[in-house]
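So the chains spell out like this:
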Amino acid sequence: MTEDIDLEDFEPPERPDFRRVARGVPFVLPKDGGTKRIRYSRSSNAGKILDDESNLTDWKLRTVVAGAAQRPELMASASVLDVDTDKSALREIAEKCLVAGKGERRSVIGTAVHAMFDHLDRDTGWRPPPQFEDLCNAYVATLEDWGLIPEEIEVHCINDEFHLAGTLDRRYRTTKTLVAPDGTIIPIGSYIVGDIKTGKELEYAAGSYVTQLAAYVDSERYNVAEG
Amino acid sequence: MIREPFEPPSVKEWALIIHADSAGDRVDVYWADINAGRIGLRLASEVKAWRRRDDLLTIGRRLRIAIPSGGMVEPVLSSEPDSPELVVPLSSGWNAFDHPDPVEESNALIALGRNPQSIASATKELEPPEIASGGVASARPAPASSPPEGPREPVAPSTGPARIESRHDYLAGRVRALIEHSETAKMALARAWPEGVSGLRNDGQTWEELDLILDAVLKVEKDHSVPFYPEWDDPDIEESKSAHPSNVWARPKVTQSTPDDRENIQGAIMAHPRSGLMRRWIGYAINGGIDHNIDTAALAHALFEFGNMSETEWPDDDLTTMLDGSLRALGYSGGVEELGRFNPEHAPLLMSAAFAIAAGNAYLLFGEDEKPIVRTNVVRK
């Protein structure tokens, strides 16, 4: 249940972030050494434009309607609003209906799981709550099985070619030889970029995931404390 | 260092996705194909650029005079016909304004041309030599109604106190509507208000300051979906319209020629590489029963100007279409079929059309009857 999760219990220690402007858009210093900041897009959004979001839209509509059925007082408020002139008020109501339909549950849990894995990889001595113990154990076992050591966690990076900025989840060092699907041998001691996803299914957004990871692989480290 | 490469570098062809289904207790590892991801990055970049294009749709408009308050003439967009090879590109820096020709408005589309002064001089340069002996042009019927009286100079709308006051009051109303729309829009306007410019409760803003206020209001209206507010009813617009060159009519000069002149132009046509094409056009005039008592040298000069255009750029059929369209623009609804009743007074206009076409400063459009019509600006003196 969403209500059972308090994100503050799971959040890793606060760390610096990109300077951001409206809607969280990274606002970074240019590569040429200039001091006038420029807006970059988020790496995680780089490929979203290519995704087929019809299933997501369909799910959202279903969930909002289901949530609205639980919140008659919100429907009463909506009944006196105009769809063209009261956009923000109606949007707020729709978001509340989405929450009522438990539409945010998965993303809240997903954020929490992300934070849990951060604790595990940073080896902070944190112990998972009982309802997530199996999942956390599975994560640790998977890393061992694949021979992945998280050398760098949540690294700010920037791809100047495509004007993208983001936070790379992991750079794993390999302790076992890995063989990629095309037969490429990844030798022991290699550094490989890793991203943690917690959605139900990956297939719907596979395109944007590989695009996001390509942006990371071809990026440079960005020092947010100085920039 | 703000940026630095990753050391040691990451594997370049593959990355990993650690998938933890937060609703279960299973963790899987997926290989992510980075080369495919790079294709995605390029594709996404192209899609974004494509979505930003603002030239995908062009509104088609009927002939309309549009003179905004600044006294300049508004550019007019037009729908183009399905014969792109016949469309002469519009030169930059041209303005659109009403055409003072006798074409009925219902049949006309859009007139495009450069500023009246330069057209006037261009027309002058192209006028056939004026000679003393007797044309009978006035005996021929003009293809359309009589012109309005008297040329007037264009008058730029003022930015005097009365006009500023009118605009001030208009903006005050628009700001009130915005403030009433929502508190957040009101706050946004306060933030966006131009620095150093006093509020509209007071008078005394300059024209430029009112421009800055309008910019801020437009931005906030857009950002906060403020309902449409009517445009300013500029008190100078009627005056501006009445002073527009479209209301100016000047008669073309009567063109008359000597026998030598007629002989010269005939000789030039016969010796021209496109002699066949020009004789075909002259054939239209003869078949149309052109009156040999009138001066035909001016028409011959005009047809010669058309025939002079580059053969590579203008194949015969296309050029005939342009001539056809130019004649329609002059009021000959039958185009080349009406060369038989061509009024020699119109020869300078036809020549200036040829000149404009050759210079890339004319536009081919199609009327509702799907007949071509060429538009260039012609100011008659």
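Our structure is the block above this text.
What comes next is a walk through the structure.

Cut-offs used in this document
- Residues numbered from 1 in each chain as written.
- Chains lettered and ligands numbered in written order.
- Predicted model: local features only at pLDDT ≥ 70, side-chain atom pairs only at ≥ 80, totals over all residues.
- Heavy atoms only, no water.
- Helix = DSSP H or I, 4+ residues; strand = E, 2+ residues; numbered from the N terminus.
- Buried < 20%, exposed > 50% of the residue type's maximum accessible area, 1.4 Å probe, protein only.
- Contact = heavy atoms within 4.5 Å.
- Areas by Shrake-Rupley, 256 points an atom, 1.4 Å probe, with all protein chains shown as cover.
- Salt bridge = Lys/Arg side-chain N within 4 Å of Asp/Glu carboxyl O.
- Patch = residues over 30% accessible without salt bridge, like charges linked within 9 Å, V, L, I, M, F, W, Y side chains within 5 Å.
- Phe/Tyr/Trp six-rings, centres within 6.5 Å; stacked < 30°, edge-to-face > 60°.
- Lys NZ or Arg CZ within 6 Å of the ring centre and 35° of its normal.
- Buried area = accessible area lost by both parts, 1.4 Å probe.
- Polar contact = N/O pair within 3.5 Å; in protein donor to acceptor, adjacent residues only side chain to side chain.
- Pairing = 2+ DSSP bridges.

## So, the overall build of chain B
Okay, so step 1: Check the secondary structure of chain B and you find 11 helices and 7 strands.
Okay, so step 2: Looking at chain B residue by residue over its 381 residues, the buried ones come to 47%.
Okay, so step 3: A fraction of 70% describes how many contacts in chain B between residues 6 or more apart in sequence connect residues 24 or more apart.
Okay, so step 4: Of the roughly 20100 Å² of accessible surface on chain B, 52% is carried by carbon and sulfur atoms.

## Focus: the pattern of salt bridges
Residues and elements named next belong to chain A.
Okay, so step 1: All chains considered together, the criterion is met by 22 salt bridges over all chains.
Okay, so step 2: One salt bridge in this structure joins Lys197 and Asp195, with 2.8 Å as the shortest N-O distance.
Okay, so step 3: Here Lys197 falls in the buried class, since its relative accessible area comes to 11%.
Okay, so step 4: On the accessibility criterion, Asp195 (2% relative accessible area) is buried.
Okay, so step 5: Within the structure, one salt-bridge network assembled from shared partners comprises Asp118, Asp121, Glu154 and Arg170.

## Considering a nonpolar patch on the surface
Okay, so step 1: On the surface, Leu50 of chain A together with Ile39 and Leu43 of chain B cluster together into a nonpolar patch covering about 240 Å² of accessible area.
Okay, so step 2: Tracing the chain through its elements places Leu50 of chain A in the loop between strand S4 (41-42) and helix H1 (54-70).

## Overview of the packing of aromatic side chains
Okay, so step 1: Counted according to the given criterion, the structure contains 7 aromatic pairs over all chains.
Okay, so step 2: A ring pair is formed by Tyr332 of chain B and Phe342 of chain B, whose centres lie 5.5 Å apart and whose planes are at 25 degrees; its orientation type is stacked. With Tyr332 of chain B in the loop between helix H10 (316-329) and helix H11 (347-358) and Phe342 of chain B in the loop between H10 and H11, this residue pair connects regions lying 10 residues apart in the sequence. Both residues of the pair, Tyr332 of chain B and Phe342 of chain B, belong to the buried class.
Okay, so step 3: Connected via pairs of aromatic rings, a cluster forms that spans Trp146 of chain A together with Trp14 and Trp31 of chain B.
Okay, so step 4: The ring of Trp207 of chain B is capped by Arg167 of chain B, whose NZ or CZ atom sits 4.3 Å from the centre of that ring.

## Some words on the interface of chain A and chain B
Okay, so step 1: Each side of the interface is counted separately: chain A has 67 residues, and chain B has 46 residues.
Okay, so step 2: Looking only at chain A, the three residues that lose the most surface to chain B are Ile49, Val217 and Arg221 of chain A, adding up to 13% of its buried area.
Okay, so step 3: Across the chain A-chain B interface, the total number found is 2 salt bridges.
Okay, so step 4: Among the salt bridges present, the one from Asp160 of chain A reaches Arg3 of chain B, with a minimum N-O distance of 2.8 Å.
Okay, so step 5: Counting every contact that joins chain A to chain B gives 18 residue pairs in polar contact (both at pLDDT 80 or more).
Okay, so step 6: For the side of chain A that touches chain B, the secondary-structure elements that each account for two or more residues are helix H4 (105-122), helix H5 (130-146), strand S5 (148-159), strand S6 (164-174), strand S7 (178-179), strand S9 (191-197), helix H6 (206-217) and strand S10 (220-222) of chain A.

## Describing the pairing of strand S2 (residues 25-28) of chain A
All names here are of chain A.
Okay, so step 1: Because side chains alternate across S2, one face comprises the buried residues Pro26 and Val28, and the other comprises Val25 and Phe27, none of which is buried.
Okay, so step 2: In this sheet, S2 lies alongside strand S1 (residues 20-21) in antiparallel orientation, the contact comprising 2 bridges. Following the sheet pairing, Arg20 is matched in S2 by Pro26.
Okay, so step 3: Counting the residues between successive antiparallel strands, the hairpin from S1 to S2 contains 3 residues, one of them, Arg23, with a positive phi of roughly 60 degrees.
Okay, so step 4: When S2 meets strand S3 (residues 38-39), the two strands line up antiparallel, connected through 2 bridges. Bridge pairing in S3 links Val28 to Ile38.

## A word on the environment of Thr142 of chain A
Okay, so step 1: As for its position among the elements, Thr142 of chain A is in helix H5.
Okay, so step 2: Contacts of Thr142 of chain A, omitting those with residues within four sequence positions, involve Val27 and Val29 of chain B.

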